[in-house]
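# Understanding the architecture of this molecule
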Amino acid sequence: MRARSATEPHRTATPLELFFDLCFVVAVAQAALPLHHAIAEDHVAHGVGTYLIVFFAIWWAWMNFTWFASAYDTDDDVYRITTLVQIAGVLVLAAGVEAAFEDGNFTAAVIGFVIMRLALVAQWVRAARSDPDHRSVAVRYAFGVVVVQVLWLGWLTVPGSWSVPLFVVLALAELLVPALAEYAPGGPTTYHPHHVAERYGLFTIIMLGEAVAATTIAVKTGLAEGEHLVELAAVAASGLVLVFALWWLYFDRPARRLTSTPRVTLVWGYGHYLIFAAAAAVGAGLGVVVDYETHHAEVSGVVAGYAIAVPVVVFLLAVWLLHVRPAQTGAWLSTYPITAALVLLAPLGPAPVTVIALLLVALVVLTVSGSRRGVVTAGIG
């Protein structure tokens, strides 16, 4: 298992990586559905908090595999089997999501997460044995991941009042492992910028696809009653336009140049937690709006509107910070924050989903116009 070249030509996602992503969609769907129900039943704080915890586990395991694969994907039998073990781990995690939302029981979810992370430790140990030039960074990764996994198992035994503060501490410990490993002597690993950007783009598409699927299921359930046809048609059409616009905004400019240095790459990679979580939550928010329109929600129209407005705003601001600010200059740079502010006001008026969709379409038009006017700096955009 020798490191692959960071400048390898024609590097693209492999069938195993695509299969890996597809299996992770199961866990994402299991997290988004109870978020939808929790908000519709007016358990907003509990639903959002649990969703953020569960999604962190999904995103972090996916991200660590993605970066490791970019540097060490040998695609031999041992590598494939170890990756399949990680897939089994995410399915265990997915099976434990319902208990996490309903009873606050994270046992199965944590066990699934630990399975994924320890399988990756085996990969790092193999890399340490086979790649002398990067042995120290591989050993640091393996040691750091093992230590934090032991702490996660201990987290299951703490009193409920301590669970959230300790989760934050352990999540920060997870985030520190790559930072400490990559910046110390022997690093960084030879990740491939174009490959990483493609992998993140593919996962963004999957998250947006999950939003479309969740909305379709919600609308189908509402239509089965044979009522509220006009309202549901408006939500479905507006939701589809909304997702199309989010896709356009994310892929408006290439991201591979934003992963050119370790520091920038770390910020870019970590910031995608917000993009991925928000994209998946858009589907949950649209489901809440459908429930409200069919009189199945226990929340007001304003709360239902914010169920879609908040994830859209998070998505916009994260894309602005990670993709737009490093590449764009001038007055056009303020279009994203201004649009985000207007989106936050949309739930206070009628038809919030339609208004949000129109605002995003306007932002797409401005973005395209700005690109054609040459406001994107050369060398990045």
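Scroll up for the structure.
Residues numbered from 1 in each chain as written. Predicted model: local features only at pLDDT ≥ 70, side-chain atom pairs only at ≥ 80, totals over all residues. Heavy atoms only, no water.

Looking now at the overall build of the protein. The helix and strand inventory of the protein stands at 13 helices and zero strands. Scanning the protein from its N terminus toward the C terminus, one meets helices and strands in the order α-α-α-α-α-α-α-α-α-α-α-α-α. Compactness check: the protein gives a C-alpha radius of gyration of 21 Å against a globular reference of 21 Å for 381 residues, within 12% of the reference. C-alpha atoms of the protein, sized along the principal axes, occupy 65 × 55 × 35 Å. Out of the 381 residues belonging to the protein, those deemed buried represent 51%. Put simply, 82% of the contacts in the protein that link residues at least 6 apart link residues at least 24 apart. For the protein, the computed accessible surface area is about 16,100 Å², with 70% contributed by carbon and sulfur atoms. (Helix = DSSP H or I, 4+ residues; strand = E, 2+ residues; numbered from the N terminus. Rg over C-alpha atoms; globule rule 2.2 N^0.38 Å. Buried < 20%, exposed > 50% of the residue type's maximum accessible area, 1.4 Å probe, protein only. Contact = heavy atoms within 4.5 Å. Areas by Shrake-Rupley, 256 points an atom, 1.4 Å probe, with all protein chains shown as cover.)

Mapped onto the fold, glycine 104 is located in the loop between helix H4 (97-103) and helix H5 (107-130). Judged by its relative accessible area of 42%, glycine 104 falls in the partly exposed class. Sequence spacing of glycine 104 and proline 326 is 222 residues, and the spatial spacing of their C-alpha atoms is 40 Å.

To continue, consider the side chain of glutamine 149. Locating glutamine 149 in the fold gives a position in helix H6 (residues 135-155). By relative accessible area, glutamine 149 is classed as buried at 2%. At 2.9 Å, the side chain of glutamine 149 forms a polar contact with the side chain of glutamate 174. Here glutamine 149 is in contact with Phe113, Val114, Arg117, Leu118 and Glu174, once residues within four sequence places are set aside. (Polar contact = N/O pair within 3.5 Å; in protein donor to acceptor, adjacent residues only side chain to side chain.)

The subject of this paragraph is the pattern of salt bridges. A pair can form between side chains of opposite charge whenever their charged atoms are brought close. If you walk through the whole model with that rule in mind, you get six salt bridges. The partner of glutamate 17 in a salt bridge is arginine 199, and the shortest N-O contact between them spans 3.5 Å. Of this pair, glutamate 17 sits in helix H1 (residues 15-40) while arginine 199 sits in helix H8 (residues 193-223), and the two are 182 residues apart along the sequence. The exposure class assigned to glutamate 17 is buried, which follows from its relative accessible area of 1%. Since its relative accessible area comes to 0%, arginine 199 is described here as buried. (Salt bridge = Lys/Arg side-chain N within 4 Å of Asp/Glu carboxyl O.)

All right, on to the packing of aromatic side chains then. Under the definition given, this model contains 32 aromatic pairs. Here tryptophan 152 and phenylalanine 167 contribute two aromatic rings whose centre-to-centre distance is 5.8 Å and whose plane-to-plane angle is 50°, an arrangement assigned as tilted. Separated by 15 residues along the polypeptide, tryptophan 152 in helix H6 and phenylalanine 167 in helix H7 (residues 160-183) bring together distant segments of the chain. Looking at tryptophan 152, the relative accessible area reads 4%, which means it is buried. Take phenylalanine 167: its relative accessible area is 12%, and that puts it in the buried class. Chaining the aromatic ring pairs together yields one cluster made of Tyr51, Phe55, Phe56, Trp59, Trp60, Phe106, Phe113, Trp152, Trp155, Phe167, Tyr270 and Tyr273. Its end group placed over the ring of tryptophan 320, arginine 325 keeps NZ or CZ at 5.5 Å from the ring centre. (Phe/Tyr/Trp six-rings, centres within 6.5 Å; stacked < 30°, edge-to-face > 60°. Lys NZ or Arg CZ within 6 Å of the ring centre and 35° of its normal.)

Distances and angles like these do not, on their own, reveal function.
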